[in-house]
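# Geometric and topological summary
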Amino acid sequence: MRLIALAVPAVAVLLAGACGSDDPAGSPRPPAPPSASPTTPPVSPTGTAAPTTGSTAAPASGAEVALLSEPVAGGSSSPVATRLDGQEGVETLTAELGGRLAAKVADAVSGADVPAGEALYGAIVAVGCDVPAGVTVSREGAQVLVTPDKPTGRPPECYAPITTVAVVRVPEP
């Protein structure tokens, strides 16, 4: 009986040592290097974009009005933005979205301050585990394109896809 009492703690120590990872406990992982967008420049805090070489899309001045996210909200991401100049535009953008995110988009559009000579556009920029920290705005012909900035660092654990919608102000062509 005494032998079993000594063996149980020894087995528990061996099993505990088998669990874990190759990394020492608490060692930070270096963040992934930020990736540059080859076709569109990022929007600066002032809302202007710097030109790039070899770009097929013309940089557009634009200001991020809102970046709205909600888990399990549906939708499909696309860089092509929808003009949000009335209820019809908002309904077109939010047609595939769940109620809470659709309501957030409608609230952001109705509360946006749009100066003369500018228009609101919106796009579903991401559906997945990563929520972008910002967006890049460009023009390709008559289309306004809104692309998510690549997140840096380790991706989060993902239990449900997160839909992210960007609402931006863009100067009229």
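Here the structure is shown first, and the text comes after it.
In this report, the structure presented in the accompanying data block is examined. The structure displayed is predicted, hence computed values, not measured ones.

### Topic: unusual backbone geometry
- At Val72, a residue that is not glycine, the phi angle is positive and equals roughly 50 degrees.
- Take Val72: its relative accessible area is 60%, and that puts it in the exposed class.

### Observations regarding the state of the cysteines
- The full count for this structure, using the stated rule, is one disulfide.
- Here Cys129 pairs with Cys158 through a disulfide, and the sulfurs are 2.0 Å apart. Here the disulfide of Cys129 and Cys158 is left-handed, its torsion about the S-S bond being about -95 degrees. Placement of Cys129 in the loop between β4 (118-128) and β5 (135-140) and of Cys158 in the loop between β6 (143-148) and β7 (162-171) is noted, with a sequence separation of 29 residues between them.

### Remarks on helix α3 (residues 99-110)
- With 12 residues, α3 extends 16 Å between its outermost C-alpha atoms, agreeing within 8% with the 16 Å of an ideal straight helix rising 1.5 Å per residue.
- All of the buried residues along α3 are Leu101, Ala102, Val105, Ala108 and Val109. The buried residues of α3 all sit within an arc of 125 degrees when viewed along its axis, so they share a single face. For α3, the exposed residues set more than 90 degrees away from the buried face come down to Gly99, Arg100, Asp107 and Ser110.
- For α3, the elements touching its buried residues are β2 (63-71), α2 (87-94), β4 and β7.

Reading the values: rules and limits
Residues numbered from 1 in each chain as written. Predicted model: local features only at pLDDT ≥ 70, side-chain atom pairs only at ≥ 80, totals over all residues. Heavy atoms only, no water. Buried < 20%, exposed > 50% of the residue type's maximum accessible area, 1.4 Å probe, protein only. Disulfide = S-S within 2.5 Å. Helix = DSSP H or I, 4+ residues; strand = E, 2+ residues; numbered from the N terminus. Expected span 1.5 Å × (residues − 1). Arc of directions from axis to C-beta. Contact = heavy atoms within 4.5 Å.

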